[in-house]
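Remarks on the overall topology
So you can see what is in the structure, the chains are spelled out below.
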Amino acid sequence: MGMRKVAIVGAGITKFVRRAQETGKELSWQASKMALDSCGITLDDVDMVTLGTAPDAFDGVHMKGEYLADGAGAHRKPYMRHYVGGGTGVFSPIHGWMHVASGMADICLVVAEEKMSSCQPHPQGAFLTIFDHTTEQPLKPTLIWIFALEMNRYMTTYGISKADIARVSVKNKHNALDHPSAQVAEEITVEDVLNSETLCWPVNRLDISPASDGAAAVVLASERVARRLTDKPVWIDGVGMSIDTAYWGTRDLSYPRYVETAARMAYDMAGIKEPAKEIHIAEPYDPFDYKELHHMEGLMLCPRGEAARLTAEGYTARDGNLPVCPSGGALGVGNPIAATGLMKVIELFLQLRGEAGKRQVPGKPTCGVAQAWGDLMQMGTVIVLRS
Amino acid sequence: MKLEDCKLGGTHLKSSDFEKCKVLTTEWTPNLGYAWDNGVAIGRYLAELKEGKIIARVCHECHRIMIPPRMFCELCFRPTDEWAYVEDTGVVNTFSVARVNWDASRRGPKEPPLIPAVIEIDGATKGMGILHMLGEIGPDDVKIGMKVRAVWKKPEDRTGAITDILYFKPIRAAASKKPAAGRKR
């Protein structure tokens, strides 16, 4: 397509915490500086900066992109903030990829930040206005409703039980014990999930990721620059995105078609014909446990309705055939929305370089996929990385 | 690089940090008001709800009868062609049993859970559903596929809002079967 090869050459991340002492700007600075240091460059080497961050309503700061610019290292550089709901974090490196692949930049700093704790008493309240203001908001919906509605439809369509789904939460919280940024890593059982508070049946407390503060950053470079900066560049071989209608009540809620569309776009670009065989490691978005299963199916990593069975068989464990969320995911590491997606991309970066420490999956993986999802369950963003 | 070898930022604050005034915060509660225009399609939809009717729009290209109604078809990307009344009955596509309010506060022990649902409206194209509530049914008796009918506010109380429908109730009293194990709501 006449586009240049783009590599990830550096990464930075903060701890994910329920409420951080640092401002969003300070968190952005911590992640950005760490990313630059990790590949031995300074801000002077950076041509362009992109920043991902989710609703302004979390922060109560309008123009959040501009507010965070200083922390993201954007001073007097071409800079743009992007926002596609929960899909933001994986869109962030796609946005940076556009700048480098097109030839506009040789080095692009990509930052993703979220500070949800400022919104009181709970950031859930900020989600009321994502629903249609006339036909839905008067019914006083919470975001958990639509996940509960989707989860019920998914369970019913394929005959999956809550216990089948709870295994995802157990696995991811376990995996997160080895992640230095993790907020809610713990050893729990399926029974713990089923016995946790019922919020909106079928969704219980431990089916859901927490609200979090945190930031992450990566450095993208063109091929020529990447080879100068590192012996182990990780290539962005495919990117894809797709949005479905906001009339979410008129969609098939049992299958994320928009994720499939985004995945096909990314796989075509990466030359992937059989994703289940060619992809070694996956980081799908898991803000709710059933979403990991839903997204594995949308990413065509397994047949529809089969993801729960594969999870029960250990297929998706860190030492399974297809490790899924070896980082610990949103359910274990935490879910500062935009930063979560980029955390997943960073996990693939480290795994493909063999630098994931105790989280390292066996078998020297060379190809990984990360995915995020958001808005009214309508946005899919997908990225394919290869070592 | 290994994350394990890095000193990571992000300082976790505990409730006690605030109680002991170890950290200071600045608070602001916005007082913003909005008046949302209902638009052409939804304006008519609401006016019909006030009359106790549900109206849809039809696209002559894809032949969908669409609810909520819209003046353009997002698939064909052309104007929709005509209005069509649909039934005030439908089928439960999916539902939840909510013990949480919109702001994440919990419903009190004496407040019954809310049962939001996607209801596919009879007369609209298959799969076309709207978000609404179910009523006159216990949480353990709701089933996907159940037929339901709108329960309207009294005509004099209607304001031209989605809440002119109070909720949807089962058309036939559901047989109260024991819920399957692990399915307690």
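Described below are features of the structure shown in this document.

Some remarks on the overall build of chain B
Secondary structure summary: chain B contains two helices and 11 strands in total. The secondary structure elements of chain B, listed N-terminal to C-terminal, are α-α-β-β-β-β-β-β-β-β-β-β-β. For 185 residues, the compact-globule formula gives about 16 Å, and the C-alpha radius of gyration of chain B, at 23 Å, lies well above that figure. Along the first, second and third principal axes, the C-alpha atoms of chain B reach 60 × 45 × 45 Å.

Section: the packing of helix α6 (residues 162–175) of chain A against helix α11 (residues 289–298) of chain A
Residue and element names in this part refer to chain A. Direction vectors running N to C along α6 and α11 enclose 100°, while the axes themselves pass 7 Å from each other. Relative to α11, α6 is oriented roughly perpendicular. Residues I165, A166, V168 and S169 of α6 lie in contact with α11, whose contacting residues are D289, Y290, E292 and L293.

Some details on the sheet that holds strand β1 (residues 54–58) of chain B
All names here are of chain B. In space, the three strands of this open sheet follow the order β2-β1-β5, with antiparallel pairing throughout. Each edge of the sheet is formed by a strand with only one pairing partner; in this case those strands are β2 (65–66) and β5 (82–86). Direction of pairing for β1 relative to β5: antiparallel, over a ladder of five bridges. If you follow A56 over to β5, its bridge partner there is A84.

As for the interface of chain B and chain A
The interface of chain B with chain A comprises 46 residues on the first partner and 54 residues on the second. When contributions to the side of chain B that touches chain A are tallied by element, the ones reaching two or more residues are β6 (89–95), β7 (97–98), β8 (116–121) and β9 (129–133) of chain B. Grouping the constituent residues of the side of chain B that touches chain A by class yields 26 nonpolar, 14 polar and six charged. The sheet contact formed by strand β5 (residues 198–201) of chain A and β7 of chain B spans two bridges and is antiparallel. By the bridge assignment, C200 of chain A is partnered in β7 of chain B with A98 of chain B.

Let's talk about the sheet that holds strand β10 (residues 367–374) of chain A
Residue and element names in this part refer to chain A. Strand order in the open sheet made by the nine strands is β3-β2-β4-β7-β1-β8-β11-β10-β9, with mixed pairing throughout. Edge positions in the sheet fall to β3 (79–82) and β9 (281–283), since each of these pairs with one other strand and no more. Sheet twist, expressed as the mean angle between neighbouring strand axes with direction ignored, is 25°. Lying on the sheet, helix α9 (residues 257–270) is in contact with β8 (234–243), β10 and β11 (379–386); it crosses β8 at an angle near 150°.

Considering helix α14 (residues 337–353) of chain A
Three or four residues apart is the spacing at which side chains of an α-helix point the same way, because the helix has 3.6 residues per turn. Residues and elements named next belong to chain A. With 17 residues, α14 ought to run about 24 Å at 1.5 Å a step, and its terminal C-alpha atoms sit 25 Å apart, in line with that. The buried fraction of α14 amounts to 16 of the 17 residues, a majority that puts the element mostly inside the structure. Following α14 by one or two positions, G354 adopts a phi angle in the positive range, close to 75°.

Side note on the packing of helix α4 (residues 88–101) of chain A against α14 of chain A
Residues and elements named next belong to chain A. Axis separation between α4 and α14 bottoms out at 6 Å; the angle between their running directions is 60°. Comparing the axis directions of α4 and α14 gives the class oblique. Of the residues in α14, those in contact with T88, G89, V90, S92 and P93 of α4 are I337, A338, A339, T340, G341, L342, K344 and V345. For the contact of α4 with α14, the class distribution of residues is seven nonpolar, five polar and one charged.

What counts as what
Residues numbered from 1 in each chain as written. Chains lettered and ligands numbered in written order. Predicted model: local features only at pLDDT ≥ 70, side-chain atom pairs only at ≥ 80, totals over all residues. Helix = DSSP H or I, 4+ residues; strand = E, 2+ residues; numbered from the N terminus. Rg over C-alpha atoms; globule rule 2.2 N^0.38 Å. Axes fitted to C-alpha atoms, helices over the stretch in contact; angles between N-to-C directions. Parallel < 35°, antiparallel > 145°, perpendicular 65-115°, else oblique. Contact = placed C-beta atoms within 7 Å. Pairing = 2+ DSSP bridges. Nonpolar A, V, L, I, M, F, W, Y, C, P; charged D, E, K, R; others polar. Expected span 1.5 Å × (residues − 1). Buried ≥ 20, exposed ≤ 12 C-beta atoms within 10 Å, placed from the backbone.

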